[in-house]
Amino acid sequence: MGVLAYILVQLAFGIFVSRQIKDESDYLLAGRQLGPAIATFTIFATWFGAETCIGAAGAIYDQGLSGGSVDPFGYSFCLLLMGAVFAMPLWRRQYVTFGDLFRERFSPSVEKLAVLLLVPTSIIWAGAQIRGFGQILSALSDFDVSLSITIAASVVVIYTVYGGLLADAMTDFVQGIALIAGIAAIFIAILWYTGGPQNTLASIDPERLHLFGGPDTHWLEVIETWAVPIFGSVLAQELIARILACRTPEIARNAALMGGGLYLVVGLMVVFIGLAGVNLIPNLDEPEQILPLLAEQHLSTFFYVVFAGALISAILSTVDSALLAASALVSHNVLVPMAPNISERAKVRFARAGVILFGIIAYVLALYTDGVYSLVETASAFGSAGIFVVAVFGLFTRFGGARSALATLVAGISVWVWAEYVSSISTPYLLSLAVALTTYIVFALIERREDYAAIR
């Protein structure tokens with residue numbers, strides 16, 4: 001009942017805050033007024049969702065330390081990279097969405113193609129969170145996973161339609177603190193139960209402590225594993241929306257850096273819990289349920305309700321961001337340009353309708369996929385090689401034009417789909433990244449030569 005009350009309060013808050021939403025900027029970017037504390041925790045809470053608490057803990061339980069290469073380690077470095085390199089340049093452009101970069105720097109055609117590649121990523125990401133939400137509800141109740149996912153999707157869509165980024169950001173501060181407290185409570189409880197850190201570490205099989213895979217793992221496969229979360233997610237619309245919503249560029253930079261550091265520290269607790277969980281609850285049929293099951297066994301009722309409620313809220317925050325990202329890209333970069341005289345209220349209605357549509361699609365993905373981790377890895381890799389290359393050149397240089405960008409986006413997604421689903425190549429993302437980079441440089445040099453010839 002405590003968890004149910006937590007969800008209902010979350011929904012009520014989203015509806016209450018919706019009364020303050022007057023235009024597109026309020027709904028998609030929280031009025032660009034996020035301060036340091038709220039910005040830090042909304043970045044942390046947006047990324048620290050089902051894939052960390054449920055997916056990463058389950059993957060580490062199943063595979064050992066190497067199961068955490070993507071999360072929490074890869075995504076921590078992703079946030080740190082955003083703060084160190086991209087946050088301030090992006091904020092100073094004053095975009096509404098990431099898609100604006102492709103229109104302003106290249107052309108509307110490049111913008112539309114970029115949106116076509118970015119939207120599936122956000123929908124797949126939302127599907128991962130909804131599945132994680134369903135796993136938690138299933139672990140906390142007598143419902144099977146399918147019914148739990150259906151309930152989770154319904155709650156998430158309602159919450160997102162009403163609240164927008166403003167409600168999401170305002171609740172993330174409290175949710176983030178509660179989530180950290182809950183995970184820390186499980187961490188301490190396990191240490192107490194096992195007799196301290198030395199006993200716990202001694203009980204872990206040394207073969208499970210290889211971060212970069214076993215001795216038979218090829219070095220290219222290791223780089224592939226780390227490249228997907230770092231380069232595939234650093235320029236995600238979900239993260240960029242938080243950067244653009246900050247009050248100043250310095251707040252945007254510092255919030256990303258602090259959010260990344262916080263992510264790593266809390267993520268290490270999840271790593272420890274996943275490693276120790278093999279001995280505490282062996283032979284789980286559903287490894288992704290290890291964290292909520294350990295919480296149920298080792299926490300008092302009060303701390304268990306705090307943990308479960310905070311975890312659900314963190315997942316709501318992540319799904320909210322993903323559905324808003326997909327909706328923002330379609331409504332702002334595709335629909336609104338088709339109706340230049342549209343009112344601000346109509347823009348918000350477009351965005352809310354998109355949330356409902358994409359929420360339904362994410363629900364179907366969550367229902368029929370094999371697990372949270374498989375969805376997360378697909379979300380990070382889908383089309384992101386070309387997006388990353390074009391965005392870096394577009395943001396920091398004047399090298400290359402619309403033709404270079406279009407060719408690179410097409411080459412990046414085509415090579416990744418072929419390498420992932422047709423061939424037996426073990427490093428599809430690295431191959432697509434290399435092809436995208438080569439394509440951009442070649443086409444940009446051709447464009448430069450043509451421009452030079454035209455001048456002469």
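Residues numbered from 1 in each chain as written. Predicted model: local features only at pLDDT ≥ 70, side-chain atom pairs only at ≥ 80, totals over all residues. Heavy atoms only, no water.

## A look at the overall build of the protein
Next, step 1: Helices and strands together make up the secondary structure of the protein, namely 19 helices and zero strands.
Next, step 2: Computed over the C-alpha atoms, the radius of gyration of the protein is 22 Å, within 12% of the 23 Å expected from 2.2 N^0.38 for a compact globule of 456 residues.
Next, step 3: Projected onto its principal axes, the C-alpha positions of the protein cover 80 × 55 × 40 Å.
Next, step 4: Considering the protein as a whole, with its 456 residues, one finds that 60% of them fall into the buried category.
Next, step 5: In the protein, once contacts between residues fewer than 6 apart in sequence are set aside, the share between residues at least 24 apart is 85%.
Next, step 6: When the accessible surface of the protein is summed, it comes to about 17900 Å², and 66% of that surface belongs to carbon and sulfur atoms.
Next, step 7: Here the protein contributes 22 positively and 32 negatively charged side chains, and the mean placements of these two sets differ by 17 Å. (Helix = DSSP H or I, 4+ residues; strand = E, 2+ residues; numbered from the N terminus. Rg over C-alpha atoms; globule rule 2.2 N^0.38 Å. Buried < 20%, exposed > 50% of the residue type's maximum accessible area, 1.4 Å probe, protein only. Contact = heavy atoms within 4.5 Å. Areas by Shrake-Rupley, 256 points an atom, 1.4 Å probe, with all protein chains shown as cover. Lys, Arg positive; Asp, Glu negative; His and termini not counted. Charge placed at Lys NZ, Arg CZ, Asp CG, Glu CD.)

## Looking at the environment of Val70
Next, step 1: Tracing the backbone through its elements, the reader meets Val70 in helix α5 (residues 69-93).
Next, step 2: The class of Val70 is buried, set by a relative accessible area of 6%.
Next, step 3: As for Val70 and Leu147, which are separated by 77 residues in sequence, their C-alpha atoms are 29 Å apart.

## Concerning the state of the cysteines
Next, step 1: Considering all chains together, one arrives at zero disulfides under this definition.
Next, step 2: The thiol of Cys78 is not disulfide-bonded; the next cysteine sulfur, from Cys246, is found 15 Å away.
Next, step 3: On the basis of relative accessibility, which here comes to 0%, the residue Cys78 falls in the buried class.
Next, step 4: Taking relative accessible area as the criterion, Cys246 reaches 1% and is therefore assigned buried. (Disulfide = S-S within 2.5 Å.)

## Structural notes on the pattern of salt bridges
Next, step 1: Evaluation of the coordinates by the stated rule reveals six salt bridges.
Next, step 2: The salt bridge involving Arg103 is made with Glu111; its shortest N-O contact spans 2.8 Å.
Next, step 3: Judged by relative accessible area, which is 35%, Arg103 ranks as partly exposed.
Next, step 4: Residue Glu111 is classed as buried on the basis of its relative accessible area of 1%. (Salt bridge = Lys/Arg side-chain N within 4 Å of Asp/Glu carboxyl O.)

## Considerations on empty space enclosed by the protein
Next, step 1: For the structure shown, the criterion picks out three cavities of 30 Å³ or more.
Next, step 2: Around the second largest cavity sit Leu28, Leu165, Gln237, Glu238, Ala241, Arg242, Asp320, Ser321, Leu324, Ala325 and Ala328, which together line it.
Next, step 3: For the lining of the second largest cavity, the secondary-structure elements that each account for two or more residues are α11 (237-244) and α14 (301-335).
Next, step 4: For the lining of the second largest cavity, the class distribution of residues is six nonpolar, two polar and three charged. (1 Å grid on protein atoms, 1.4 Å probe; cavity = no way out; pocket = protein on both sides within 12 Å on 5 of 7 lines; lining within 4 Å. Points joined across faces, edges and corners; volume = space filled by probe spheres on them. Nonpolar A, V, L, I, M, F, W, Y, C, P; charged D, E, K, R; others polar.)

## Observations regarding the confidence of the model for the protein
Next, step 1: Residues with a pLDDT of 70 or more make up 91% of the protein, whose mean pLDDT is 85.
Next, step 2: Within the protein, helix α16 (residues 372-381) has the poorest average pLDDT of any element, 60, and helix α6 (residues 99-105) the best, 97. (pLDDT = per-residue confidence, 0-100.)

## Some thoughts on a nonpolar patch on the surface
Next, step 1: A cluster of nonpolar residues, Val417, Trp418, Tyr421, Val422 and Ile425, forms a patch on the protein surface that exposes about 490 Å² of accessible area.
Next, step 2: With respect to the helices and strands, Val417 occurs in helix α18 (residues 402-422).
Next, step 3: Using a relative accessible area of 33% as the deciding quantity, one classes Val417 as partly exposed. (Patch = residues over 30% accessible without salt bridge, like charges linked within 9 Å, V, L, I, M, F, W, Y side chains within 5 Å.)

## As for unusual backbone geometry
Next, step 1: Positive phi is not limited to glycine here, since Gln94 has a value of about 55°.
Next, step 2: With a phi angle near 60°, Asn283 is a residue other than glycine that sits in the positive phi range.
Next, step 3: Since its relative accessible area comes to 72%, Asn283 is described here as exposed.

## A look at the packing of helix α8 (residues 145-194) against α14
Next, step 1: Between α8 and α14, the shortest axis-to-axis distance is 6 Å and the interhelical angle comes to 140°. By the angle between their axes, α8 is oblique relative to α14. Every pair of crossing elements has a handedness; the one defined by α8 and α14 is left-handed.
Next, step 2: In the contact of α8 with α14, the residues fall into 19 nonpolar, seven polar and three charged. (Axes fitted to C-alpha atoms, helices over the stretch in contact; angles between N-to-C directions. Parallel < 35°, antiparallel > 145°, perpendicular 65-115°, else oblique. Left-handed = near helix turned anticlockwise from the far one by under 90°.)

## Remarks on the packing of aromatic side chains
Next, step 1: The full count for this structure, using the stated rule, is 15 aromatic pairs.
Next, step 2: Plain terms: the ring middles of Phe48 and Tyr263 are 5.1 Å apart, the flat faces sit at 65° to each other, and that makes the pair edge-to-face. Here Phe48 is found in the loop between α3 (36-47) and α4 (50-63), whereas its partner Tyr263 is found in helix α12 (residues 249-280), with 215 residues between them in sequence. Accessibility assignment for this pair places Phe48 and Tyr263 in one class, buried.
Next, step 3: Here a set of aromatic residues connected by ring pairs shows up, and it is made of Phe86, Phe231, Phe388 and Phe396. (Phe/Tyr/Trp six-rings, centres within 6.5 Å; stacked < 30°, edge-to-face > 60°.)

## What about α8?
Next, step 1: Here α8 spans only 31 Å end to end across 50 residues, well under the 74 Å set by a 1.5 Å rise per residue.
Next, step 2: Following α8 by one or two positions, Gly195 adopts a phi angle in the positive range, close to 90°. (Expected span 1.5 Å × (residues − 1).)

## Focus on helix α15 (residues 344-368)
Next, step 1: Taking 1.5 Å of rise per residue, 25 residues should cover 36 Å, and α15 covers 37 Å from first to last C-alpha, within 8% of that figure.
Next, step 2: Those residues of α15 lying buried are Ala346, Lys347, Val348, Ala351, Gly354, Val355, Phe358, Gly359, Ala362 and Ala366.

## Side note on the environment of Gln20
Next, step 1: On the secondary structure map, Gln20 appears in the loop between α1 (2-17) and α2 (24-29).
Next, step 2: For the pair Gln20 and His218, spaced 198 residues apart in sequence, the C-alpha to C-alpha distance is 53 Å.
Next, step 3: In contact with Gln20, other than residues within four places in its own chain, are Asp26 and Leu166.

## Overview of the packing of α8 against helix α13 (residues 290-298)
Next, step 1: In contact at an axis separation of 10 Å, α8 and α13 are set at 65° when each is read in the N-to-C sense. Where α8 crosses over α13, the handedness of that crossing is left-handed. Touching Ile186, Ala189, Ile190 and Tyr193 of α8 are Leu291, Leu294, Ala295 and His298, all from α13.
Next, step 2: Tallied by class, the residues present in the contact of α8 with α13 amount to seven nonpolar, one polar and no charged.

## Some remarks on the nonpolar core
Next, step 1: If you look at the biggest cluster of nonpolar residues, it comprises 137 residues, and the most contacted ones within it are Met82, Ile183 and Leu235.
Next, step 2: Element by element, the count of residues in this core is highest for α8, at 22 residues.
Next, step 3: Apart from the residues within four sequence positions on either side, Ile183 is in contact with Phe48, Cys53, Val266, Met269, Val270, Ile273 and Phe307.
Next, step 4: Ile60, Trp226, Ile230 and Leu275 belong to the second-largest nonpolar core, a separate cluster that totals nine residues. (Core = buried A, V, L, I, M, F, W, Y, C linked by side-chain atoms within 4.5 Å.)

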